[in-house]
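What follows is the residue order along each chain.
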Amino acid sequence: VPTGLMRLDAILRGGFAPEQLIVPCGLTSSGKSSFGFQVAFHAIAREQIPALIFTLEMSRAEVFVKGAAFLERCNTSLFTPAPHKEIDWHVVQRATARVVGLGDMLQIEECRGIEQIRAVATTWRARHPGPRALIIVDHIQKVQGKRTKNSTRQEEVWGVASSLKNLAKDLRCPVVAPAQVDNDAAKEKRAPRLGDLRESKA
């Protein structure tokens with residue numbers, strides 16, 4: 001599944017491969033969600049690859065707006081203008097029509113539990129049995145996993161990651177699940193390292 005970013009696709013030898021769990025990592029508000037949504041909308045609109053988006057932070061409406069802005073190549077601020085500034089309804093209508101036009105190729109859900117995510121994804125994949133498909137889970141640390149009385153948050157995230165990896169293998173499609181890193185890198189003015197990942201041992 002191509003990402004739509006030429007340099008990244010060259011590194012990945014064409015894009016995300018089936019059965020992969022991809023975890024883009026970054027600080028809060030660094031564009032992790034936008035990256036996932038951009039890949040999804042590019043896959044649908046340019047490659048005719050169905051995409052399922054689980055949004056655990058934003059609302060479905062916010063994801064819709066981001067998709068509309070991406071497809072129309074405009075800024076999301078056009079949908080929420082500053083005071084005393086009129087909305088360009090021609091652009092808004094054209095952009096929203098593009099998302100609506102994607103039809104059944106796009107599905108946006110707000111599921112939070114890993115079991116619910118798996119159930120919805122399995123049903124969705126049965127409706128789209130083709131060789132290429134894409135699932136976005138935004139983001140991995142917001143997913144509610146299975147917790148026992150004595151389990152830690154780290155163990156819960158490990159279970160979520162393992163379940164998403166199994167989901168990718170079972171449904172034979174890439175699963176993209178962004179993750180946050182701690183602010184230590186920003187405080188120390190250095191590039192993030194693997195150890196900066198929250199619940200990094202997971």
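Here, every reference points to the structure presented above.
Everything numeric in this text was worked out from a predicted model, so none of it was measured. (Residues numbered from 1 in each chain as written. Predicted model: local features only at pLDDT ≥ 70, side-chain atom pairs only at ≥ 80, totals over all residues. Heavy atoms only, no water.)

This part covers unusual backbone geometry. Here Asp138 and His139 are connected by a cis peptide whose omega angle stands at -5°. Positionally, His139 belongs in the loop between strand E5 (134-138) and helix H6 (153-171). Its identity is not glycine, yet Arg13 carries a phi of approximately 60°, on the positive side. Locating Arg13 in the fold gives a position in the loop between helix H1 (6-11) and strand E1 (21-22). Even without being a glycine, Gln48 presents a positive backbone phi close to 60°. With respect to the helices and strands, the residue Gln48 is situated in the loop between helix H2 (32-47) and strand E3 (51-55). Judged by its relative accessible area of 56%, Gln48 is exposed. (Helix = DSSP H or I, 4+ residues; strand = E, 2+ residues; numbered from the N terminus. Buried < 20%, exposed > 50% of the residue type's maximum accessible area, 1.4 Å probe, protein only.)

Counted at 1.5 Å a residue, the expected span for H2 with its 16 residues is 22 Å, and the 21 Å between its end C-alpha atoms agrees. Listed in full, the buried residues belonging to H2 are Lys32, Ser33, Phe35, Gly36, Phe37, Val39, Ala40, Phe41, His42, Ala43 and Ile44. Of the residues trailing H2, Gln48 is marked for its positive phi of about 60°. (Expected span 1.5 Å × (residues − 1).)

What follows concerns the sheet that holds strand E6 (residues 175-176). Pairing is parallel in the open sheet, where five strands are placed in the order E1-E6-E5-E3-E4. Two strands lie at the open edges of the sheet, namely E1 and strand E4 (106-109), each paired on one side alone. Where E3 lies against E5, five bridges are found, and the strand directions are parallel. Paired with Ile53 across the strands is Ile136, a residue of E5. (Pairing = 2+ DSSP bridges.)

So, about the environment of Leu52. With respect to the secondary-structure elements, Leu52 resides in strand E3. If we ignore the near neighbours within four places in the chain, the residues touching Leu52 are Gln107, Glu109, Ala121, Trp124, Leu134, Ile135 and Ile136. (Contact = heavy atoms within 4.5 Å.)

Moving on, we get to helix H4 (residues 89-100). In this model, H4 (12 residues) spans 16 Å end to end at C-alpha, consistent with the 16 Å of a helix rising 1.5 Å per residue. If you check which residues of H4 are buried, you get Val91, Val92, Ala95 and Val99. Angularly, the buried residues of H4 cover 100° about the axis, an arc narrow enough to put them on a single face. Seen from the open side of H4, the exposed residues pointing more than 90 degrees away from its buried face are Trp89, His90, Gln93 and Val100. Lining the buried residues of H4 we find H2, helix H3 (60-72) and E4. (Arc of directions from axis to C-beta.)

What follows covers the packing of H3 against H4. Following both chains from N to C, one finds H3 and H4 inclined at 105°, their axes separated by 8 Å at the closest point. By the angle between their axes, H3 is roughly perpendicular relative to H4. Across the interface between the two elements, Phe64, Gly67, Ala68, Leu71 and Glu72 from H3 touch Val91, Arg94, Ala95, Thr96, Arg98, Val99 and Val100 from H4. Among the residues making up the contact of H3 with H4, the classes are represented as seven nonpolar, two polar and three charged. (Axes fitted to C-alpha atoms, helices over the stretch in contact; angles between N-to-C directions. Parallel < 35°, antiparallel > 145°, perpendicular 65-115°, else oblique. Nonpolar A, V, L, I, M, F, W, Y, C, P; charged D, E, K, R; others polar.)

Right, let's talk about the side chain of Gln180 for a bit. Along the polypeptide, Gln180 turns up in strand E7 (residues 179-180). The exposure class assigned to Gln180 is buried, which follows from its relative accessible area of 10%. Not counting the four nearest positions on each side in its chain, Gln180 is found in contact with Gly26, Thr28, Lys32, Glu57, His139, Gln141, Leu197 and Arg198.

In this section: the packing of H2 against H3. At a minimum axis distance of 10 Å, the contact between H2 and H3 shows a crossing angle of 60°. Relative to H3, the element H2 lies oblique. Both H2 and H3 take part in a crossing whose hand is right-handed. Residues Ser34, Phe37, Gln38, Phe41, His42, Ala45 and Arg46 of H2 touch H3, and the partners they reach there are Val63, Lys66, Gly67, Phe70 and Leu71. (Left-handed = near helix turned anticlockwise from the far one by under 90°.)

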